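Per-entry structural report
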Amino acid sequence: MLRNPFARAASASALVVVPAAAHGAIDAQLSQRRYRACLLAMTALLLASLATECFGARFDALLGTFELRNDDGSLIELIRIERQQQKYVLYRSRRGQWQPPVEIAAISKPALEAMINQRMDVEFEGLGNGELAVVKVPKGWKVGSFTCYSGYWLATVAGPAELQKVESGSR
């Protein structure tokens, strides 16, 4: 009759006696580790969801397609702003063709004031870069001789231009 090669290992492990007190301590340690891991995972998920909520809602009014009124009164598609993951991108239209996107970010009050060389006396939301910014202000807001009837305007170093929002949301 052949001997089972694992029989000796099985009988040796059966001889190991773990005191009941040690079992309780090991179970308590495992339970505490599981609790900490679960708490850490829930905290990470909560923070991630809050970051996504805060990021997503803040500039939703600036997502979409905007048109610019020509001197003759006609409207032309000029800018489209989209959210792509945790970034905002701006597309410019040139001769009816959308150019590659550029990344934009929230524009601060000092940065906007420096760009337009004018003081901002109202609350605003703005996304832009060093060259331009799309800004949402209260309808009828005035700066110098410029009046923003739609509530959206394009800020550039060349001066302001009123925008008309024609499509909302991210594509």
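Since this is a predicted model, take the numbers as computed values, not measurements.

As enumerated under the stated definition, the model contains 4 salt bridges in all. Of the charged contacts, one joins K87 and E103 as a salt bridge, the two residues approaching to 3.9 Å between their closest N and O atoms. Pair noted here: K87 is in strand β3 (residues 87-94) and E103 is in strand β5 (residues 102-106), with a separation of 16 residues, a long-range link. Among the ionic pairs, R92 bridges to E131, the shortest N-O distance being 3.0 Å. Of the two residues, R92 sits in strand β3 while E131 sits in the loop between β6 (125-128) and β7 (132-136), which places them 39 residues apart along the sequence.

Counted under the stated rule, the structure contains 4 aromatic pairs. Their ring planes at 55° and their centres at 6.0 Å tell us that F146 and W153 sit as a pair that is tilted. Like F146, the residue W153 is buried in the burial classification. What links up through ring pairs into an aromatic cluster is the set W141, F146 and W153. Residue placement shows R80 over the ring face of Y91; its charged tip is 4.4 Å from the ring centre. The aromatic ring of W98 is capped on one face by R80, whose charged end is 4.6 Å from the ring centroid.

The next point concerns the nonpolar core. Membership of the largest hydrophobic core comes to 18 residues, with the highest contact counts inside it found for I79, I81, L90, L127, V134, L154 and L163. Counting only elements with at least two residues in this core, the list comes to β1 (64-69), β2 (75-84), β3, β7, β10 (152-156) and β11 (161-168). At 3 residues, β2 tops the list of elements feeding residues into this core. Beyond its immediate sequence surroundings of up to four residues, L163 is in contact with F66, E67, L68, L78, V134, S150, Y152, W153 and L154. Counting residues in hydrophobic clusters, the runner-up holds 15 residues, among them M115, F124, V135 and C148.

Here the focus is the environment of A61. Note that A61 resides in the loop between α2 (20-58) and β1. C-alpha separation for the pair A61 and E125, spaced 64 residues apart in sequence, amounts to 8.5 Å. Here A61 is in contact with F66, E125, K136, Y152 and K165, once residues within four sequence places are set aside.

Turning next to the environment of G140. Take G140: it is sitting in the loop between β7 and β8 (141-143). If near-sequence neighbours (up to four positions away) are discounted, G140 is found in contact with T147, C148 and Y149.

Note: most peptide bonds trans; most residues except glycine with negative phi. In this structure, Q85 is a non-glycine residue whose phi angle is positive, near 55°. Along the chain, the position of Q85 falls in the loop between β2 and β3. A positive phi angle, near 55°, is found at N117, a position not held by glycine. By secondary structure assignment, the location of N117 is in the loop between α3 (109-116) and β6.

Pairing of β2 with β3 involves 6 bridges; the strand directions are antiparallel. By the bridge assignment for β3, I79 is matched with R92. Hairpin connection, β2 to β3: the antiparallel pair is bridged by 2 residues, and Q85 has positive phi, about 55°. Of the strand pairs in this sheet, β3 and β5 are connected by 3 bridges, and their pairing is antiparallel. From the neighbouring strand, L90 faces β5, where its bridge partner is V102.

Each value, and the rule that gives it
- Residues numbered from 1 in each chain as written.
- Predicted model: local features only at pLDDT ≥ 70, side-chain atom pairs only at ≥ 80, totals over all residues.
- Heavy atoms only, no water.
- Salt bridge = Lys/Arg side-chain N within 4 Å of Asp/Glu carboxyl O.
- Helix = DSSP H or I, 4+ residues; strand = E, 2+ residues; numbered from the N terminus.
- Phe/Tyr/Trp six-rings, centres within 6.5 Å; stacked < 30°, edge-to-face > 60°.
- Buried < 20%, exposed > 50% of the residue type's maximum accessible area, 1.4 Å probe, protein only.
- Lys NZ or Arg CZ within 6 Å of the ring centre and 35° of its normal.
- Core = buried A, V, L, I, M, F, W, Y, C linked by side-chain atoms within 4.5 Å.
- Contact = heavy atoms within 4.5 Å.
- Pairing = 2+ DSSP bridges.

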